[in-house]
Amino acid sequence: MLKKLLACFLLLFLCVGCDNATKPKLGISFGVGSAKRWPMEMDLMVQRARELGMDVDARLNKTDTPKTQTEDCIDMIDNGISTLILVPRDANKTDKILDYARKKNVKVLLYARTILGKNLDFFVGYDTYKIGQSLGSHLSEKTYKGSVAILKGDANDFNVPLLNDGAMKYFQPLVEQGDLKIIMDEYIDGWNPELARKKLTAAIKKNNHQVDAIFAHNDVMAGVAAEVVKELGIKNHVVIVGMDAELPAIKRLVKGTQDASVYMDLKAMAVTAANEAYNLATNKPTNVNAAFDNKSASTIKAYLVNGKIITRENIDRQLIDTGVYTREEVYGK
């Protein structure tokens, strides 16, 4: 009887050891700028992955120091991750990461930013073209005549041309009939706010201090645009739109210094990424709602989230009633 009990305890111990040994390990690498969304999304991913029983190594890389994003990823792969969630800083410089991951049988899930021409395991992000259409429609309804400046994001971010192409569907007819004049249409390297400020200021001054609308590709640059308009003493109302629905942008909507932003359920998107990373790591079926064309040999399995236009009129319904922000955060006490 004693021998049987010892054998059972030994078997139980070995099974626990087996579970720990096969516990999937997730690597998360964000090569991003200063937007407030990124640390929040990373924390949500880490929390959800741990709930699913995964070990997690998460690295937020804003400056490529002391390690580059590539070095971070290779380090995590060498440390035994099963799946990598990747937000690439430069989509044109990911070959080394992707090749090494494939060599080590590590699956790669691209998050928020994808990569052209590469076979990827999964993509979780937003339907950027449709979001661009929504912003373009809103801006062109408000400003169907006059001068518009376009502050695009980084040229190496796959989302940037999609966002711009979606908006141009509405801008281009107005340009062709001579009602809308684009005084600036430039990429902002690294989404750098100071570079955006410098380029926008120069463009407005060159246009005799005239501007009627500014299409910014995120809310950080929309904030810069609002500051430049004030600094230059522009008297007419300038329609400014951005994206991400960050709290400072929502406060600008209340003040009337920004006209619209786009809210994407980033919590749901981050949790979805963790869920699908777990499915990839454990060879379970992934949840797919789109076949994403990244110009590779075949379409990529994807889960895409659409955004909602936020204006001063729908802040309460879309952001406060749903618990994204409190009334005090938006309006103060």
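Everything quoted here is computed from the prediction, not taken from an experiment.

J.: For the overall build of the protein chain, give the residues involved together with the corresponding values.
T.: Across its full length, the protein chain holds 12 helices and 13 strands. Seen through its C-alpha atoms, the protein chain measures out along the principal axes to roughly 90 × 50 × 40 Å. Taking as baseline every contact in the protein chain between residues at least 6 positions apart, the subset at least 24 positions apart corresponds to 70%. Carbon and sulfur atoms make up 51% of the accessible area of the protein chain, which totals about 16400 Å².

J.: Go over the packing of helix α7 (residues 193–206) against helix α8 (residues 219–231), please, and point to the residues and values.
T.: Between α7 and α8, the least distance of the axes is 9 Å, while the angle of their chain directions is 40 degrees. Here α7 is positioned oblique relative to α8, judged by the angle of their axes. Read as a crossing pair, α7 and α8 show a hand that is right-handed. Residues P193, A196, R197, L200, T201 and I204 of α7 lie in contact with α8, whose contacting residues are V220, M221, V224, A225, E227, V228 and E231.

J.: Account for the packing of aromatic side chains, with residues named and values stated.
T.: Scanning all chains against the criterion turns up three aromatic pairs. Taking 6.0 Å as the distance between ring centres and 10 degrees as the angle between the ring planes, the aromatic pair formed by F30 and Y111 counts as stacked. With F30 in strand β1 (residues 25–31) and Y111 in strand β4 (residues 107–111), this pair connects stretches of sequence that are 81 residues apart. By relative accessible area, Y111 is classed as buried at 0%. Three or more aromatic residues joined by ring pairs form one cluster here, namely F30, W38 and Y111. One cation-aromatic arrangement involves R37 over W38; the distance from NZ or CZ to the ring centre is 3.9 Å. Looking at K152, its charged tip hangs above the ring of Y187, at a distance of 4.1 Å from the centre.

Reading guide: rules and limits
Residues numbered from 1 in each chain as written. Predicted model: local features only at pLDDT ≥ 70, side-chain atom pairs only at ≥ 80, totals over all residues. Heavy atoms only, no water. Helix = DSSP H or I, 4+ residues; strand = E, 2+ residues; numbered from the N terminus. Contact = heavy atoms within 4.5 Å. Areas by Shrake-Rupley, 256 points an atom, 1.4 Å probe, with all protein chains shown as cover. Axes fitted to C-alpha atoms, helices over the stretch in contact; angles between N-to-C directions. Parallel < 35°, antiparallel > 145°, perpendicular 65-115°, else oblique. Left-handed = near helix turned anticlockwise from the far one by under 90°. Phe/Tyr/Trp six-rings, centres within 6.5 Å; stacked < 30°, edge-to-face > 60°. Buried < 20%, exposed > 50% of the residue type's maximum accessible area, 1.4 Å probe, protein only. Lys NZ or Arg CZ within 6 Å of the ring centre and 35° of its normal.

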